[in-house]
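# Coordinate analysis (summary)
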Amino acid sequence: ARVGPASDRLEWVVRRMVEVLIAELPYVTLLLRVRGNTDTERWALERRRDFDHRVADLLKAAAADGDVRGDVEVRLATRLVFGMINSLVEWYRPDARGMGAREVADAVVVLVFGGLRQER
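Right, let's walk through the structure included here. Quantities reported herein were computed from a predicted structural model and do not represent experimental measurements.

Moving on to the layout of surface pockets. One number sums up the size of the largest pocket: a volume of about 820 Å³. Secondary-structure elements contributing two or more residues to the lining of the largest pocket are helix 1 (6-23), helix 2 (25-32), helix 3 (39-64) and helix 4 (74-86). It is helix 3 that provides the largest number of residues to the lining of the largest pocket, a total of 11 residues. For the lining of the largest pocket, the residue count by class is 16 nonpolar, five polar and seven charged.

So, about helix 3. Between its terminal C-alpha atoms helix 3 stretches 37 Å, which fits the 38 Å expected from 26 residues at 1.5 Å a residue. All of the buried residues along helix 3 are Ala 44, Leu 45, Val 55, Ala 56, Leu 58, Leu 59 and Ala 62. Within two residues after helix 3, Gly 66 carries a phi angle of roughly 80 degrees, on the positive side.

Further remarks concern helix 4. With 13 residues, helix 4 extends 18 Å from end C-alpha to end C-alpha; this agrees with the ideal 18 Å at 1.5 Å per step. Residues Val 74, Ala 77, Thr 78, Val 81, Phe 82 and Ile 85 constitute the buried set of helix 4. Projected down its long axis, helix 4 shows its buried positions confined to an angular sector of 130 degrees, all on one face. Residues of helix 4 that are exposed and point over 90 degrees away from its buried face: Arg 79 and Leu 80. For helix 4, the side-chain oxygen to backbone nitrogen distance between the N-cap and Arg 75 is 3.2 Å, and the N-cap itself is Glu 73.

Here is what the cut-offs are and how they apply
Residues numbered from 1 in each chain as written. Predicted model: local features only at pLDDT ≥ 70, side-chain atom pairs only at ≥ 80, totals over all residues. Heavy atoms only, no water. 1 Å grid on protein atoms, 1.4 Å probe; cavity = no way out; pocket = protein on both sides within 12 Å on 5 of 7 lines; lining within 4 Å. Points joined across faces, edges and corners; volume = space filled by probe spheres on them. Helix = DSSP H or I, 4+ residues; strand = E, 2+ residues; numbered from the N terminus. Nonpolar A, V, L, I, M, F, W, Y, C, P; charged D, E, K, R; others polar. Expected span 1.5 Å × (residues − 1). Buried < 20%, exposed > 50% of the residue type's maximum accessible area, 1.4 Å probe, protein only. Arc of directions from axis to C-beta. Polar contact = N/O pair within 3.5 Å; in protein donor to acceptor, adjacent residues only side chain to side chain.

Listed below in structure tokens is the structure:
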């Protein structure tokens, strides 16, 4: 398990989500479209929910530490972050020059944490 401030762990998770999504684009695209119609889909949805809760807990801990804004409801912020990242399946194309996983992850981190970080 990663250690350190919750905000650092949250940033690591956000970066890894982008990197994994891009590395496994066809599979993640399929996973994001499951609706729970089969046992396998229900299992996948449960894993997604569990992950959502873990990220929400990290965001809550980072807010409690004073490292991210506390004036945005945690569940909403979590859904917005996931929405931004998951939208990559709609527009990201691996052959787009100059936009590798690192560049996309950097942009997501700048946008997410530029809006979430508490001014000190």
